[in-house]
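Inside the fold
Below, each chain spelled out in residue letters.
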Amino acid sequence: MELGQFFAFAGIAVATLFAGIGSAVGTSLAGQAAAGVVTEDPDKFGQTLVLQALPGTQGIYGLIIGVIMMSQLGVFGANIPDLSVQQGLMYLAAGCPIGIVGLISGIYQGKAAVASIGIIAKQPGQLGKAIIFPAIVETYAILSLIVSLLMTLGIGV
Amino acid sequence: MPVDFTYAVGRTRVLETRLLDKDRIERMIAAANADEALRVLAETAYGPIASQINADEYEIMLNARLKETYELVRHISPTPAVADILALKYDFHNLKVLLKDRYLKQYDDDILVKLGTVDIEKLKSYMQEDDFKGMPDVLRDAIIEAQAAFEVSRDPQDIDMALDKAHYEAVYAIADDMHSDFVKELFRRQADMINIRTFVRVKAMGKDSRFLAKALLPGGYLDEAFFIELVDQTLGALIERLRFTHYDGLVDGIAEFERTERLTAYEKLMDDELLSYIRDNRSDPFGPAAIIGYLWALENETRIVRIIMVGKINHMPSDAIRQRVREVY
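Residues numbered from 1 in each chain as written. Chains lettered and ligands numbered in written order. Predicted model: local features only at pLDDT ≥ 70, side-chain atom pairs only at ≥ 80, totals over all residues. Heavy atoms only, no water.

1. Looking at the overall build of chain B
Scanning chain B for helices and strands turns up 17 helices and zero strands. Here the C-alpha atoms of chain B give a radius of gyration of 20 Å, agreeing with the 20 Å that 2.2 N^0.38 yields for 329 residues. Within the span of chain B, comprising 329 residues, buried residues form 53% of the whole. Counting only contacts in chain B whose residues sit at least 6 apart along the sequence, the fraction spanning at least 24 positions is 66%. Counting only carbon and sulfur atoms, one obtains 48% of the accessible surface of chain B, whose full area is about 15,600 Å². Chain B carries 44 positive and 59 negative side-chain charges, and their two centres are separated by 2 Å. (Helix = DSSP H or I, 4+ residues; strand = E, 2+ residues; numbered from the N terminus. Rg over C-alpha atoms; globule rule 2.2 N^0.38 Å. Buried < 20%, exposed > 50% of the residue type's maximum accessible area, 1.4 Å probe, protein only. Contact = heavy atoms within 4.5 Å. Areas by Shrake-Rupley, 256 points an atom, 1.4 Å probe, with all protein chains shown as cover. Lys, Arg positive; Asp, Glu negative; His and termini not counted. Charge placed at Lys NZ, Arg CZ, Asp CG, Glu CD.)

2. Observations regarding the overall build of chain A
Looking only at helices and strands, chain A has five helices and zero strands in total. Start at the N end of chain A and walk to the C end: the helices and strands fall as α-α-α-α-α. The principal-axis extent of the C-alpha atoms belonging to chain A is close to 60 × 25 × 20 Å. Taking as baseline every contact in chain A between residues at least 6 positions apart, the subset at least 24 positions apart corresponds to 85%. Element-wise, carbon and sulfur atoms account for 73% of the exposed surface of chain A, whose accessible area totals about 7,100 Å². Mean positive and mean negative side-chain charge positions of chain A (4 and 6 charges, respectively) differ by 21 Å.

3. Digging into the interface of chain B and chain A
Listed as interface residues are 15 residues of chain B and, on the opposing side, 15 residues of chain A. A combined buried area of about 1,200 Å² lies between chain B and chain A, and 66% of that area is made up of carbon and sulfur atoms. A per-residue breakdown of the area chain B buries against chain A is headed by B:Tyr7, B:Val14 and B:Phe286, which together make up 36% of the total. Notably, a salt bridge pairs A:Glu40 with B:Arg11, separated by 2.8 Å at the nearest N-O pair. Linking chain B with chain A are four residue pairs in polar contact (both at pLDDT 80 or more), by the criterion used here. Tallying contributions element by element places helix H1 (residues 6-16) of chain B first for the side of chain B that touches chain A, with eight residues. In terms of residue class, the side of chain B that touches chain A is made up of six nonpolar, three polar and six charged. (Buried area = accessible area lost by both parts, 1.4 Å probe. Salt bridge = Lys/Arg side-chain N within 4 Å of Asp/Glu carboxyl O. Polar contact = N/O pair within 3.5 Å; in protein donor to acceptor, adjacent residues only side chain to side chain. Nonpolar A, V, L, I, M, F, W, Y, C, P; charged D, E, K, R; others polar.)

4. Quick notes on the pattern of salt bridges
Residues and elements named next belong to chain B. Following the criterion strictly, the structure yields 31 salt bridges over all chains and no others. We note a salt bridge from arginine 140 to aspartate 137, for which the minimum N-O separation is 2.8 Å. Of the two residues, arginine 140 and aspartate 137 both sit in helix H8 (residues 137-153), three residues apart, roughly one turn of that helix. On the accessibility criterion, arginine 140 (23% relative accessible area) is partly exposed.

5. Some remarks on unusual backbone geometry
Residues and elements named next belong to chain B. Residues other than glycine seldom take positive phi values, yet histidine 179 does so here, at roughly 50°. Among the structural elements, histidine 179 can be located in the loop between helix H9 (156-178) and helix H10 (181-205). For histidine 179, a relative accessible area of 62% gives the class exposed. For glutamate 261, which is not glycine, the phi torsion reads 65° and is therefore positive. Inspection of the secondary structure puts glutamate 261 in the loop between helix H14 (251-260) and helix H15 (264-281). Assessed through its relative accessible area of 60%, glutamate 261 is described here as exposed.

6. Description of the nonpolar core
Residues and elements named next belong to chain B. Ranked by size, the top nonpolar core spans 96 residues in total, and within it Ile85, Ile196 and Leu238 carry the most contacts. Broken down by element, this core gets its largest block of residues, 13 residues, from helix H6 (residues 81-104). Apart from the residues lying within four places of it in its own chain, the contact partners of isoleucine 85 are Val171, Ile174, Ala175, Met178, Val183, Phe187 and Ile292. Grouped together as the second largest cluster of nonpolar side chains are 23 residues, Ile29, Val305, Met309 and Ile321 included. (Core = buried A, V, L, I, M, F, W, Y, C linked by side-chain atoms within 4.5 Å.)

7. Quick look at the packing of H8(B) against H9(B)
Residue and element names in this part refer to chain B. Close contact between H8 and H9 brings their axes to 8 Å; oriented N to C, the two are set at 155°. It follows that H8 is roughly antiparallel to H9 by the angle criterion. Crossing geometry of H8 relative to H9 is assigned as right-handed. In this structure, H8 contributes Val138, Ala142, Ile143, Ala146, Ala149, Phe150 and Ser153 to the contact, and H9 contributes Pro156, Asp158, Ile159, Ala162, Leu163, Ala166 and Ala170. (Axes fitted to C-alpha atoms, helices over the stretch in contact; angles between N-to-C directions. Parallel < 35°, antiparallel > 145°, perpendicular 65-115°, else oblique. Left-handed = near helix turned anticlockwise from the far one by under 90°.)

8. Regarding a nonpolar patch on the surface
A surface patch of nonpolar side chains, about 670 Å² in accessible area, is lined by A:Ile132, A:Ile136, A:Tyr140, A:Ile142, A:Leu143, A:Ile146 and A:Leu150. With respect to the helices and strands, the residue A:Ile132 is situated in helix H5 (residues 127-155). (Patch = residues over 30% accessible without salt bridge, like charges linked within 9 Å, V, L, I, M, F, W, Y side chains within 5 Å.)

9. Things to note about the packing of aromatic side chains
In this structure the tally under the stated criterion is seven aromatic pairs over all chains. Ring geometry for B:Phe226 versus B:Phe227: centroids 5.1 Å apart, planes at 90°, classification edge-to-face. Among the residues examined, B:Phe226 registers a relative accessible area of 8% and is labelled buried. Residue B:Phe227 is classed as buried on the basis of its relative accessible area, which comes to 0%. One aromatic cluster is present, formed by B:Phe199, B:Phe226 and B:Phe227 through successive ring pairs. When the ring centre of A:Tyr108 is taken as reference, the NZ or CZ atom of A:Lys111 above it lies at 5.4 Å. Lying over the aromatic face of B:Phe286, A:Lys111 brings its terminal NZ or CZ to 5.5 Å of the ring centre. (Phe/Tyr/Trp six-rings, centres within 6.5 Å; stacked < 30°, edge-to-face > 60°. Lys NZ or Arg CZ within 6 Å of the ring centre and 35° of its normal.)

In structure tokens, the structure reads:
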């Protein structure tokens, strides 16, 4: 395999790997808090589940970028075109925004979700407001998704 | 890495909603008699026991509630330290009783509290056999120190003062292990508030600064020198100095003492101030603040219920009870 192809694969890995870790940590944090609330009050399962799912999106964004890169590169067809080192590095760079921002925003969105689960524990009628706080964190994951997406499409093989 | 309390905080958030609220406390205060006050608790967490006891047996109910809550907190927390740090006061209370019994033979089983970190029967057998090997280090060291202090002076008060000092040292040690600024600050503030009360009492008794230094708790923000300097001045000077500290909310209590020679107002303010400090910090979703706050709030609540029940049983007017009742969480 050429070095260019290796760097392109590294780009796919960065996008899916780190965004996935961010979501795993974030949903785990929120899941612990949700489990605590549901132990005492099982009726709150649905509401807390919504909040737990919020930090899960980063992993999906990472996957989207990864899949688009793989389809551009023809990975599914088992016929990967030759890439220059420069092209490979561009894929790596394109994977970074969603990878890095996904990792960090996933964890911090999880923390905001934990705090919002505290709202649900005490004020079950305030789900709408409780969702907004962690949803603000989502904005930055979406921005990095857009940038990663445009970069990927801009490379063109 | 600090211990993660996320799950326990989640549970605590729901448990907090089951604490007695202002309305229910007010209904208890307004109740016509003790039986009716007890009946107000029927639909609360006290309900199962409240329905089976007479009004004058309220201590059984409060004790059971405290015991079940301590057990629950120990069960849901990643570390028992959050419960231990508050339960230590019961251990030290029991030590005081048992140690004084050894010298003064004034034993009374009723005043031992079964909420400590060490089982009360074990504690008794350690003391009877004079064998402290199985005892936690902090308690053992405290006993040895208190005994030494008593051997010198033969004054049972020295046992109390030595154990109180050891109690706060033990509390700070747990707080350090928890790496929580909130917890450290909470107990330092409490030590200060107790020291202010001690200072006022010592002054009223006309004791000297040597006695004061022995009675003060360690670790507060207001150090020994602060109090020693004020010994020969009026209480007004203390009030002026406190106005520029965290404790300006307490000065009314000291002024009240100057008028009435009673510390009830000060003690209510002290409880309210500490509770309000906890309330300001309970929103942390990851640290121990919410859990310690919940336990603290529950102890506060049992104090409120006790004040009301005592008042109702003694036919105190509702207004007089209302004045003594602490704020709720």
